[in-house]
Amino acid sequence: MAKLMKRKELEQHLQDLDGFTKPKILLEQYETRAHIAACMLHTIESSYGDLSQKRVLDLGCGCSVLGIGSALLGATYVLGVDIDEEALQISTSNINQFELSEVDLVQCDVRSLPQLLSETSKFDTVVMNPPFGTKHNKGLDSLFVEIGLQCLSDKGVLYSLHKTSTRDHFHRKAPGWKVEARVLAQLRYDLPATYKFHSKSSVDIEVDFWRFLKK
Ligand SMILES: C[S@@+](CC[C@H](N)C(=O)[O-])C[C@H]1O[C@@H](n2cnc3c(N)ncnc32)[C@H](O)[C@@H]1O
């Protein structure tokens, strides 16, 4: 078995990736910072072995920080899916920078993804930092999880970030989704001042790092 890359080394690689050039507020575009992405992915691999030798789906991939990190930790295949063409252009350049032939991209609304997948093309692991489902996108955070779960094979597992304020909501949803749901960590997410209405240079919000395991 290949040696697991150190978390710090992974973070340094992810720091080199390009982020959104013109983030779109309606799509809730803000990238996962390198240190949070590295923390998430390193935990997924070191504690659960859910990346190496796995088929991984990066849902709402944006500039593909999570997908590229998954490939660097040994995923055999990664598919990044996003609705936004410009985000996927940045992803393509990021993927080329690392010469990763195992990462593919598809442009589509997550809502149409399950119909595009056959049983044999399902995934072992889903990683995502979906829209928080605020303002115009109410409920989109839950919808991303539901769709991610539909794209998993039996016993597949989904990792996601959600606002801590929605923790009770996800605990209530879990039995209906037939998953074992666990908050692995509570993180402070420094949302950069991406949009004009943010007056401070960055805003800290509490975010839960979740693991949803299909029963
Ligand atoms: C919070 S950003 C996260 C980006 C990336 N996963 C990361 O961790 O840096 C959410 C992403 O979801 C994408 N998105 C929003 N609505 C979507 C939809 N309906 N279908 C597919 N992608 C969507 C946005 O374009 C954006 O790239």
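A brief report on the enclosed structure follows. (Residues numbered from 1 in each chain as written. Predicted model: local features only at pLDDT ≥ 70, side-chain atom pairs only at ≥ 80, totals over all residues.)

### Comments concerning the nonpolar core
Among soluble globular proteins, nonpolar side chains are generally buried collectively.
Okay, step 1: With 50 residues, the main nonpolar core has A37, L41 and V126 as its most contacted residues.
Okay, step 2: Looking at this core, the element that brings in the most residues is helix α2 (residues 34–48), giving 6 residues.
Okay, step 3: Setting aside anything within four residues of it in sequence, one finds V126 in contact with L57, L59, G148, C151, L152 and L158. (Core = buried A, V, L, I, M, F, W, Y, C linked by C-beta atoms within 7 Å. Buried ≥ 20, exposed ≤ 12 C-beta atoms within 10 Å, placed from the backbone. Helix = DSSP H or I, 4+ residues; strand = E, 2+ residues; numbered from the N terminus. Contact = placed C-beta atoms within 7 Å.)

### Side note on the site of the ligand
Okay, step 1: Lining the immediate surroundings of the ligand are 21 residues, of which E31, T32, G60, G62 and I83 lie closest.
Okay, step 2: Tallied by class, residues from the shell around the ligand come to 11 nonpolar, 5 polar and 5 charged. (Near = placed C-beta within 6 Å. Nonpolar A, V, L, I, M, F, W, Y, C, P; charged D, E, K, R; others polar.)

### Some words on the environment of R188
Okay, step 1: Its place among the elements puts R188 in strand β6 (residues 179–192).
Okay, step 2: Under the C-beta neighbour-count criterion, R188 is labelled exposed, with 10 such atoms within 10 Å.
Okay, step 3: It is 30 Å that separates the C-alpha atoms of R188 and D104, two residues lying 84 residues apart in sequence.
Okay, step 4: The contacts of R188, once residues within four sequence positions are left out, are D204 and E206.

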